[in-house]
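# Descriptive analysis of the structure
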Amino acid sequence: MKLGARDAEGYFAKPDPQKTGILIYGGDSMRVALKRQQLLAALLGATAEEEMRLTRMPGSDLRKDPAQLLDAVKAVGFFPGPRAVFVEETNDTATPAIVAALQEWAPGDAQIVITAGQLKATSKLRKAFENHRNAYAVGIYDDPPSRAEIERILIASNIRDIPQDSMSALSDIANDIGPGDFSRMIEKLALYKFQDLSPLTLDDIDAVAPQSTEAALDDLLNVVAEGRSTEIGPVLSRLQAQGTQAVTLCIGATRHFRTLYNIAADPGGPAQGIGRLRPPLYGKRRDRMLRQAQTWGAVRLETALTLLTDTDLLLRSAGQTAPALALMERAMIRLAMLSRKR
């Protein structure tokens, strides 16, 4: 049977131990793995591995030895409790062995849990589960996590007092990063808030949020926007050592100053302008960007964007012979000096 996205969320939280099995498939292997982990934990409990109530096998092995799946399904465990056989990274070549196990399954046997990559509607493996009266097929798609799913992850980590602004920030982060990174972030957040019963704040989230791969670039742009020209050289040297190109720096700087301009030029003022940004900013980063926009003002930010556009054209020019990073450093020093003018 097919299990829709809305029903699947409830089923993963409370699976039916009387079902024959379930197929979980999707293009994002991390999303599939997280759902499989959630289902097995809810179905078998936390001690299934130690009590040998969970058998794992790769799908590729079923082509060489198709009988091993049925043997594992029928095996009698030493410990009481539900059992499952988990077959990972499966494709259509394993379908005959899986179909045989589905047909021979009887109440009391281990439940069959299969994971696979993206499967077409014509897939034999997918059809075997969709057409089975006592098994489910669930497609996991790259949709942003729902509020209910985020709340479930937080509650499972004992994070319960979550104000609206903090929930909105977590939703934005969950949409921007992968599911694996988000799960690891919540684990860090749970440790950060251990024995802290106060409401979850934006500063708490900011303290454990994944650092951008452009963190050093962000440091440089903040140094420039805040007029700290003496710090530009050391930070730029660090970026150069990481292999960052001058054009990349110019693109990042243009993006940063265009954001500041959108904040400063808003008809309702910078405070309203920063609220209109999408994706929104939160916590200390929001406060910092707002201060920068207020300090610069729309007129000087227009001048800054003109300077960056000219620098970008110069960097891309075929006749340009000066070192690219030297040109970029000069432009950033000029920007830093411009921020001090009144």
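Residues numbered from 1 in each chain as written. Predicted model: local features only at pLDDT ≥ 70, side-chain atom pairs only at ≥ 80, totals over all residues. Heavy atoms only, no water.

## Digging into the overall build of the protein chain
If you tally the helices and strands in the protein chain, you get 16 helices and 5 strands. Evaluated residue by residue, the protein chain yields a buried proportion of 43% over its 342 residues. Taking as baseline every contact in the protein chain between residues at least 6 positions apart, the subset at least 24 positions apart corresponds to 74%. Summed over all atoms, the accessible surface of the protein chain reaches about 18,300 Å², with 52% contributed by carbon and sulfur. (Helix = DSSP H or I, 4+ residues; strand = E, 2+ residues; numbered from the N terminus. Buried < 20%, exposed > 50% of the residue type's maximum accessible area, 1.4 Å probe, protein only. Contact = heavy atoms within 4.5 Å. Areas by Shrake-Rupley, 256 points an atom, 1.4 Å probe, with all protein chains shown as cover.)

## With respect to the environment of A331
Of note, A331 is situated in helix α16 (residues 324-340). When the C-alpha positions of A331 and L307 are compared, they lie 7.3 Å apart, and in sequence the two are 24 residues distant. Residue contacts for A331: discarding those within four places in its chain leaves L307 and T311.

## Considering the sheet that holds strand β2 (residues 54-58)
Sheet architecture is open: 5 strands sit in the order β2-β3-β4-β1-β5, paired in parallel fashion. Two strands in the sheet have a free side with no partner beyond their single neighbour: β2 and β5 (135-139). Within this sheet the neighbouring strands show an average axis-to-axis angle of 15°, counted without direction. Where strand β1 (residues 21-25) lies against strand β4 (residues 111-116), 5 bridges are found, and the strand directions are parallel. Within β4, the position partnered with I22 by the bridge is V113. The sheet contacts of helix α2 (residues 29-44) involve β1, β2, β3 (84-90) and β4, and relative to β4 the element is tilted by about 170°. (Pairing = 2+ DSSP bridges. Axes fitted to C-alpha atoms, helices over the stretch in contact; angles between N-to-C directions.)

## A few points about helix α15 (residues 283-316)
The terminal C-alpha atoms of α15 lie 36 Å apart, and with 34 residues this falls more than 12% below the ideal 50 Å at 1.5 Å per residue. For α15, the principal kink sits at G297 and spans about 90°. (Expected span 1.5 Å × (residues − 1). Bend = angle between axes of the 7 residues up to and from the residue.)

## Examining the packing of helix α12 (residues 232-241) against α16
In the contact formed by α12 and α16, the axes pass within 11 Å of each other and the chain directions differ by 145°. In the packing of α12 onto α16, the handedness of the crossing is right-handed. Counted together, I232, G233, L236 and Q240 of α12 and L325, E329, M332, I333 and A336 of α16 form the full contact between these two elements. In terms of residue class, the contact of α12 with α16 is built from 6 nonpolar, 2 polar and 1 charged. (Left-handed = near helix turned anticlockwise from the far one by under 90°. Nonpolar A, V, L, I, M, F, W, Y, C, P; charged D, E, K, R; others polar.)

## Let's talk about the nonpolar core
Counting 38 residues, the largest nonpolar core has L220, L249, F257, W296, M328, M332 and L335 as the members making the most contacts within it. The set of elements that each furnish at least two residues to this core consists of α11 (215-225), α12, α13 (246-264), α15 and α16. Take this core: its biggest share by element is 10 residues, from α15. In this structure, M57, A97, W105 and L119 belong to the second largest nonpolar core, which totals 25 residues. (Core = buried A, V, L, I, M, F, W, Y, C linked by side-chain atoms within 4.5 Å.)

## Some remarks on the environment of P270
With respect to the element layout, P270 can be found in helix α14 (residues 270-275). C-alpha separation for the pair P270 and G283, spaced 13 residues apart in sequence, amounts to 16 Å. P270 has contacts with I263, A264, L290 and Q294, leaving out every residue within four places of it along the chain.

## Side note on the packing of aromatic side chains
In the structure shown here, the tally under the stated rule is 2 aromatic pairs. For the pair Y11 and Y136, a centre-to-centre distance of 4.9 Å together with 70° between the ring planes defines the contact as edge-to-face. Separated by 125 residues along the polypeptide, Y11 in helix α1 (residues 5-13) and Y136 in strand β5 bring together distant segments of the chain. Pairing F257 with W296 gives two aromatic rings, centres 5.2 Å apart and planes at 80°, and the pair type is edge-to-face. (Phe/Tyr/Trp six-rings, centres within 6.5 Å; stacked < 30°, edge-to-face > 60°.)

## Points about a nonpolar patch on the surface
On the surface, a cluster of nonpolar side chains totalling about 380 Å² of accessible area is made up of M52, F78 and F79. Residue placement: F78 occurs in the loop between α4 (67-74) and β3. (Patch = residues over 30% accessible without salt bridge, like charges linked within 9 Å, V, L, I, M, F, W, Y side chains within 5 Å. Salt bridge = Lys/Arg side-chain N within 4 Å of Asp/Glu carboxyl O.)

## Describing the pattern of salt bridges
All told, the structure shown has 16 salt bridges when counted by the stated rule. The salt bridge involving D28 is made with R31; its shortest N-O contact spans 3.2 Å. For R31, a relative accessible area of 18% corresponds to the buried category. Residue E51 is joined to R53 by a salt bridge in which the shortest nitrogen-to-oxygen separation is 2.8 Å.

## As for the side chain of K19
Tracing the backbone through its elements, the reader meets K19 in the loop between α1 and β1. Buried charge K19 goes without a salt bridge, the closest partner of opposite sign being D16 at 4.6 Å. Leaving out residues up to four positions away in the same chain, K19 has contacts with M1, Y11, W105, Q111, N134 and Y136. (Lys, Arg positive; Asp, Glu negative; His and termini not counted.)

## Comments concerning the packing of α13 against α16
Contact pair α13 / α16: the axes reach a minimum separation of 9 Å and the direction vectors enclose 25°. The orientation of α13 with respect to α16, classified from their angle, is roughly parallel. Where α13 abuts α16, its residues A246, L249, C250, A253 and F257 lie against A324, L325, M328, M332 and L335. Counted by class, the contact of α13 with α16 contains 10 nonpolar, no polar and no charged residues. (Parallel < 35°, antiparallel > 145°, perpendicular 65-115°, else oblique.)

## Here we look at helix α7 (residues 147-156)
All of the buried residues along α7 are E149, I150, I153 and L154. Considered in projection along α7, the buried side chains sweep an arc of 135° and stay on one side of the axis. On its buried face, α7 is in contact with α1, α2, α8 (164-176) and α9 (179-192). Where α7 terminates, the next one or two residues include N158, which has phi positive at roughly 65°. (Arc of directions from axis to C-beta.)

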